[in-house]
Amino acid sequence: MAAGGSNRLLTPDELAEKLGITKRVLMAEYRRWGLKPTRVGRHIRFRERHVEAWIEENTE
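Residues numbered from 1 in each chain as written. Predicted model: local features only at pLDDT ≥ 70, side-chain atom pairs only at ≥ 80, totals over all residues. Heavy atoms only, no water.

**Regarding the overall build of the protein**
Move 1: Assigned secondary structure in the protein consists of 3 helices and 3 strands.
Move 2: From first element to last, N terminus to C terminus, the protein shows the α and β order β-α-α-β-β-α.
Move 3: Taken over the C-alpha trace, the protein has a radius of gyration of 11 Å; the compact-globule value for 60 residues is 10 Å, and the two agree within 12%.
Move 4: With respect to the principal axes defined by its C-alpha atoms, the protein has extents near 30 × 30 × 20 Å.
Move 5: Within the protein, the fraction of its 60 residues that count as buried is 25%.
Move 6: Long-range pairs, those at least 24 residues apart, make up 50% of the contacts in the protein with a sequence separation of at least 6.
Move 7: On the protein, roughly 4500 Å² of surface is accessible, and the fraction owed to carbon and sulfur atoms is 48%.
Move 8: Mean positive and mean negative side-chain charge positions of the protein (12 and 9 charges, respectively) differ by 10 Å. (Helix = DSSP H or I, 4+ residues; strand = E, 2+ residues; numbered from the N terminus. Rg over C-alpha atoms; globule rule 2.2 N^0.38 Å. Buried < 20%, exposed > 50% of the residue type's maximum accessible area, 1.4 Å probe, protein only. Contact = heavy atoms within 4.5 Å. Areas by Shrake-Rupley, 256 points an atom, 1.4 Å probe, with all protein chains shown as cover. Lys, Arg positive; Asp, Glu negative; His and termini not counted. Charge placed at Lys NZ, Arg CZ, Asp CG, Glu CD.)

The following block contains the structure:
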């Protein structure tokens, strides 16, 4: 595991479950929240270490 989280790619379903929200909310808001997706073909994925960093930055 790399420092700051893993390099694993999360699907939108996996990320929505991790955040405790629906996939619909995630897909509507991820850009506004500043989450950067990675394209895999026509699919989007979210790098787990970036999500962990984003959570840390946005947690009080």
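**Describing the sheet that holds strand β3 (residues 43-47)**
Move 1: In spatial order, the strands read β1-β3-β2; together these 3 strands make up an open sheet with antiparallel pairing. Every other strand in the sheet has two partners, leaving β1 (9-10) and β2 (38-40) as the edge strands with one partner each. (Pairing = 2+ DSSP bridges.)

**Digging into the packing of helix α1 (residues 12-19) against helix α3 (residues 48-57)**
Two numbers describe a pair of packed helices, the interaxial angle and the distance between the axes.
Move 1: Where α1 contacts α3, the two axes come as close as 12 Å, and the packing angle between them is 30°. Taken together, α1 and α3 sit at an angle that is classed as roughly parallel. Both α1 and α3 take part in a crossing whose hand is right-handed. In this structure, α1 uses Leu15, Lys18 and Leu19 to contact α3, whose residues at the interface are Glu48, Val51, Glu52, Trp54 and Ile55.
Move 2: Tallied by class, the residues present in the contact of α1 with α3 amount to 5 nonpolar, no polar and 3 charged. (Axes fitted to C-alpha atoms, helices over the stretch in contact; angles between N-to-C directions. Parallel < 35°, antiparallel > 145°, perpendicular 65-115°, else oblique. Left-handed = near helix turned anticlockwise from the far one by under 90°. Nonpolar A, V, L, I, M, F, W, Y, C, P; charged D, E, K, R; others polar.)

**Observations concerning the packing of α1 against helix α2 (residues 23-33)**
Move 1: One way to put it is that α1 packs onto α2 with a least axis distance of 9 Å and a crossing angle of 100°. In terms of orientation, α1 and α2 fall into the roughly perpendicular class. On α2, the residues that touch Pro12, Asp13, Leu15, Ala16 and Leu19 of α1 are Lys23, Leu26 and Met27.
Move 2: When grouped by side-chain class, the residues that make up the contact of α1 with α2 number 6 nonpolar, no polar and 2 charged.

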